[in-house]
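Breakdown of the fold
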Amino acid sequence: MADRTDMPAEWLRYLKQRTENREAEIVVNVLQLPDYPPLPECPTCDVAPEQITSRTSDPVAFDRDEVAILVDFKPCGHRFRVSESELLRG
């Protein structure tokens, strides 16, 4: 997982809130695709991505005892990790 930047759980909550607000704006304003508001910016390059994906890691695959949320920004390619223990603390 050396290719991922560790991020605090608060950042993941912020990202989720921004994404939910964006989806609500699309629904409330009945927006069509070209008029969608931008996705939240990548925290590394501060550019609005075309896509943000997230998934739960497989601890066995990375030889870790801990599960994490993995977040990828495209097309910039920056990748982040929020540990399960960090999420449980918040």
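This text follows the structure it describes.
The sections below set out a description of the structure shown in this document. (Residues numbered from 1 in each chain as written. Predicted model: local features only at pLDDT ≥ 70, side-chain atom pairs only at ≥ 80, totals over all residues. Heavy atoms only, no water.)

1. Some remarks on the side chain of Arg4
In this structure, Arg4 sits in the segment before β1 (5–6). Owing to a relative accessible area of 7%, Arg4 belongs among the buried residues under this scheme. Of note is the side chain of Arg4, whose polar atom sits 2.7 Å from the side chain of Asp72. A distance of 3.2 Å separates a polar atom in the side chain of Arg4 from the backbone oxygen of Phe80. Ignoring sequence-local partners within four residues, the contact set of Arg4 consists of Arg55, Leu70, Val71, Asp72, Arg79, Phe80 and Arg81. (Helix = DSSP H or I, 4+ residues; strand = E, 2+ residues; numbered from the N terminus. Buried < 20%, exposed > 50% of the residue type's maximum accessible area, 1.4 Å probe, protein only. Polar contact = N/O pair within 3.5 Å; in protein donor to acceptor, adjacent residues only side chain to side chain. Contact = heavy atoms within 4.5 Å.)

2. Quick notes on helix α1 (residues 9–28)
Its 20 residues give α1 an end-to-end C-alpha distance of 29 Å, which sits within 8% of 28 Å, the value for a rise of 1.5 Å per residue. On its buried face, α1 sits against β2 (51–56), β3 (68–74), β4 (79–83) and α2 (84–89). Just downstream of α1, Val30 is the residue with a positive phi angle, here 50°. (Expected span 1.5 Å × (residues − 1).)

3. Focus: the nonpolar core
Within the largest apolar cluster, eleven residues are counted, these being Met7, Ala9, Trp11, Leu12, Leu15, Cys42, Ile69, Val71, Phe73, Phe80 and Val82. Broken down by secondary-structure element, the contributors of at least two residues to this core are α1, β3 and β4. Residue contributions to this core peak at four residues, all from α1. Contact partners of Leu12, with chain neighbours within four places excluded, come to Ile69, Val71, Val82 and Leu87. (Core = buried A, V, L, I, M, F, W, Y, C linked by side-chain atoms within 4.5 Å.)

4. Observations regarding the state of the cysteines
Within the structure shown, the criterion is met by zero disulfides. Looking at the unpaired Cys45, the closest cysteine sulfur is the one in Cys42, lying at 3.8 Å. You can see Cys76 has no disulfide; the closest cysteine sulfur is in Cys42, sitting 3.9 Å from it. Given a relative accessible area of 34%, Cys76 falls into the partly exposed group. (Disulfide = S-S within 2.5 Å.)

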